[in-house]
Amino acid sequence: VHIHFRIYRKRHSSALRSASPTGDSGSRFVRNPMYIGAGLGLASAALFYESLPLLGYAGLFFLATHLFVVWYEEPTLRRTFGQKYEAYCRQVGRWWPSV
């Protein structure tokens with residue numbers, strides 16, 4: 001098991017180093033399209049089912065996601081990609097599309 005983990009980690013960490021943070025898909029409009037989609041899906045379900053608890057859960061999801069992105073994900077990407085990521089952040093909004 002240990003050797004499989006080491007191979008997996010080496011393969012994926014080298015792929016991460018060669019990857020570009022600028023994305024060719026939805027991340028060229030906003031930096032976190034998957035989190036936005038998941039949160040909007042939760043909020044939409046809350047409205048459809050007229051569920052205040054689910055709407056509260058959607059709010060907590062957005063808050064937890066924002067804190068995770070700001071405190072963990074972005075610092076990690078800055079360390080990994082350096083100036084490329086900084087330039088990407090200046091061009092693309094975290095939650096709102098840049099116009």
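In the block above lies the structure referred to throughout.
Residues numbered from 1 in each chain as written. Predicted model: local features only at pLDDT ≥ 70, side-chain atom pairs only at ≥ 80, totals over all residues. Heavy atoms only, no water.

Caption draft 1: How the structure looks around the packing of aromatic side chains. All told, the structure shown has five aromatic pairs when counted by the stated rule. Taken together, a centroid distance of 6.0 Å and an interplanar angle of 50° make the contact between Tyr 85 and Tyr 88 tilted. Placement of both Tyr 85 and Tyr 88 in helix H4 (residues 83-91) is noted, with a separation of three residues, approximately one turn of the helix. Residue Tyr 85 shares its accessibility class with Tyr 88, and that shared class is buried. (Phe/Tyr/Trp six-rings, centres within 6.5 Å; stacked < 30°, edge-to-face > 60°. Helix = DSSP H or I, 4+ residues; strand = E, 2+ residues; numbered from the N terminus. Buried < 20%, exposed > 50% of the residue type's maximum accessible area, 1.4 Å probe, protein only.)

Caption draft 2: The environment of Leu 55, seen in detail. Here Leu 55 is to be found in helix H3 (residues 52-81). Remark: the alpha-carbon pair of Leu 55 and Ala 45, spanning 10 residues in sequence, is separated by 8.2 Å.

Caption draft 3: How the structure looks around the pattern of salt bridges. On inspection of all chains with the given rule, the structure shows three salt bridges. For Arg 94, the salt bridge is made with Glu 74, and the minimal N-O distance between the two is 2.8 Å. Placement of the pair is Arg 94 in the segment after H4 and Glu 74 in helix H3, with a sequence separation of 20 residues. Residue class for Glu 74 comes out buried when judged on its relative accessible area of 3%. (Salt bridge = Lys/Arg side-chain N within 4 Å of Asp/Glu carboxyl O.)

Caption draft 4: Representation of helix H2 (residues 33-49) in the model. Between its first and last C-alpha atoms H2 spans 24 Å; for 17 residues at 1.5 Å apiece the expected length is 24 Å, and the two agree. Inspection of H2 places Ile 36, Gly 39, Ala 43 and Ala 46 among the buried residues, and these make up the whole buried set. An end-on view of H2 places all buried positions within 90° of arc, on one side of the element. Turned more than 90 degrees away from the buried face of H2 sit Met 34, Phe 48 and Tyr 49, all of them exposed. (Expected span 1.5 Å × (residues − 1). Arc of directions from axis to C-beta.)

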